[in-house]
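# Secondary and tertiary structure notes
What follows is each chain in one-letter form.
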Amino acid sequence: MDYAFATRCIYGKGRGCTFDRTGAISFPIYQTATYEHPEVGKSMGFDYSRLQNPTRQQAENIVASLEGGVDALAFSTGMAAITAMMELFKPGDHLITDSDLYGGSIRLFNHISKKNGITFSHIDCSTEDVESFVQENTKAVFIETPTNPMMNVIDIRKISEITKRHGLLLIVDNTFMSPYFQTPFELGADIIIHSGTKFLGGHNDTLAGFIVANSHEISEKLRFIIKTTGSGLSPFDSWLIIRGIKTLPLRMEKAQENAKAIVGFLLNEIAVKKVYYPGIPESRGYEICKKQARGFGSMLAFEVESKELALHILKNTELIPFAESLGGTETLLTYPATQTHADVPEEVRLRNGITDKILRLSAGIEDKDDLIADLKQAIRSFRR
Ligand SMILES: *Cc1c(COP(=O)(O)O)cnc(C)c1O
């Protein structure tokens, strides 16, 4: 029996997948490093927690079922997941990546993967002809959509036609939409990445990362990598992710509702010059987003008329914290130029439109009128 999404958020593929014998409704935290073997050559399926842990496995099974993948692997952070994913490649390989990625991914690619002999073309996958960048040694295309922080929308299906034609892997970092709004395997992706720190965990209290695979071949390679390199998610943090995911549909709906209300407010503020949100019908990504996702999400960015005003807002909100991260119950304001994207070379940052007048907002699940009142007083208290 295939359960609907909201049910899978709570039970994964079904209640039979839990194996606790006490009847505990909440999945137990198996805080153990190792496991007893009945005799030589026999195992209960668990040998050592770097390899397998029941609580981690439960979190992995739920995420795999939400994305429709054959397997998911849980890592200590999103960056640990992306770092492990890069172990699928070898010196001499070439990857095409979008240029407007999470700053940490760009830092990993430019400062660690490059040193390991992997080369990159960072291009705007929402506007450029991706196929013309495919080389003989190209192995994969890595994208996020909507992008961070400029909310460009990339047509996943269109890119997947190119990757399939050339035998490349299509890797999609699906953090911003979560599987509630977007399931990239249905659009032709081969590997999905999540920073579980964001919407999956959902409470700004846990770091986690996931790689979801849609083939046994990729899953086996990744299982070997996680076993060998050892960055799997701890039992307690796995439990927090399991708990967070139970309310994913409710949180995503409420956060999106708040984001839409905030966008409506910002569009009418004189000091706000531009609002970036794929749910605005006039925005470049609206049609594609509508086609490939079930919603527009709760992430947005906006440009104000001066750097001074941007700094003023960050200093003067009374409710909304100025903090890095996204996807949690708390609405957060981020300043990409000095926070998430500080390590992106300035010329790339400016080319992508990430000026010092851009603020990013992750809508949480508070009351929307309180959020709007806070933004309003922070913007209007600025003396021009
Ligand atoms: C936060 C984030 C990451 C990194 O995840 P961590 O859990 O912070 O390591 C990767 N991709 C995106 C899109 C993110 O927002």
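Relevant structure appears above.
It should be emphasised that the depicted structure is a prediction, and the values quoted were computed from it without experimental measurement.

This part is about the state of the cysteines. Scanning the entire structure with this criterion turns up 0 disulfides. Unpaired in this structure, Cys-125 has its nearest cysteine sulfur neighbour in Cys-289, at a distance of 16 Å. Cys-125 sits in the buried class, given a relative accessible area of 6%.

The next thing to look at is the sheet that holds strand S10 (residues 332–334). Read across the sheet, 4 strands follow the order S8-S9-S11-S10 without closing on themselves; strand pairing throughout is antiparallel. Lying at the two open borders of the sheet, with one neighbouring strand each, are strand S8 (272–276) and S10. Taken pair by pair, the neighbouring strands of this sheet meet at an average axis angle of 25 degrees, ignoring direction. Across 5 bridges, the pairing between strand S9 (residues 299–304) and strand S11 (residues 358–362) is antiparallel. Considered in S11, the bridge of Met-299 is made with Ser-362. Packing of helix H9 (residues 248–267) onto the sheet brings it into contact with S8, S9 and S11, and relative to S9 it is tilted by some 15 degrees.

The strand order across the open sheet formed by 7 strands is S1-S7-S6-S5-S4-S2-S3, and the pairing between neighbours is mixed. Among the strands making up the open sheet, the edge pair consists of strand S1 (71–75) and strand S3 (119–123). When the angles between neighbouring strand axes are averaged without regard to direction, this sheet yields 20 degrees. Where strand S4 (residues 138–144) and strand S5 (residues 169–173) come together, 5 bridges link them in parallel fashion. Among the inter-strand pairings, Glu-144 is bridged to a residue of S5, identified as Asp-173. Along the sheet, helix H2 (residues 54–67) makes contact with S1, strand S6 (191–195) and strand S7 (209–213), crossing S1 at roughly 130 degrees. Taken strand by strand, helix H3 (residues 78–86) contacts S1, strand S2 (94–98), S3, S4, S5, S6 and S7, and its axis lies near 40 degrees from that of S7.

The subject of this paragraph is the side chain of Thr-206. Inspection of the secondary structure assignment puts Thr-206 in the loop between S6 and S7. When near neighbours in sequence (up to four residues on either side) are disregarded, Thr-206 contacts Thr-197, Asp-237, Leu-240 and Ile-241.

Quick look at the packing of aromatic side chains now. Applying the stated criterion across every chain yields a total of 8 aromatic pairs. Plain terms: the ring middles of Phe-27 and Tyr-30 are 6.2 Å apart, the flat faces sit at 50 degrees to each other, and that makes the pair tilted. Look at Tyr-180 and Phe-181: their rings are 5.0 Å apart centre to centre, the planes differ by 65 degrees, and that puts the pair in the edge-to-face class. What links up through ring pairs into an aromatic cluster is the set Phe-5, Tyr-180 and Phe-181. Residue placement shows Lys-198 over the ring face of Tyr-102; its charged tip is 5.0 Å from the ring centre.

Helix length check: H2, at 14 residues, gives a terminal C-alpha distance of 20 Å against a target of 20 Å (1.5 Å per residue), a fit within 8%. Where burial is concerned, most of H2 is hidden: 12 out of the 14 residues are buried. Looking at H2, one finds that the buried residues are Pro-54, Thr-55, Arg-56, Gln-58, Ala-59, Glu-60, Ile-62, Val-63, Ala-64, Ser-65, Leu-66 and Glu-67. For H2, the N-terminal cap is Asn-53; the gap from its side-chain oxygen to the backbone nitrogen of Thr-55 is 2.9 Å. Backbone geometry just downstream of H2 places Gly-68 in the positive-phi region, at approximately 75 degrees.

What counts, and at which threshold
Residues numbered from 1 in each chain as written. Predicted model: local features only at pLDDT ≥ 70, side-chain atom pairs only at ≥ 80, totals over all residues. Heavy atoms only, no water. Disulfide = S-S within 2.5 Å. Buried < 20%, exposed > 50% of the residue type's maximum accessible area, 1.4 Å probe, protein only. Pairing = 2+ DSSP bridges. Helix = DSSP H or I, 4+ residues; strand = E, 2+ residues; numbered from the N terminus. Axes fitted to C-alpha atoms, helices over the stretch in contact; angles between N-to-C directions. Contact = heavy atoms within 4.5 Å. Phe/Tyr/Trp six-rings, centres within 6.5 Å; stacked < 30°, edge-to-face > 60°. Lys NZ or Arg CZ within 6 Å of the ring centre and 35° of its normal. Expected span 1.5 Å × (residues − 1). Polar contact = N/O pair within 3.5 Å; in protein donor to acceptor, adjacent residues only side chain to side chain.

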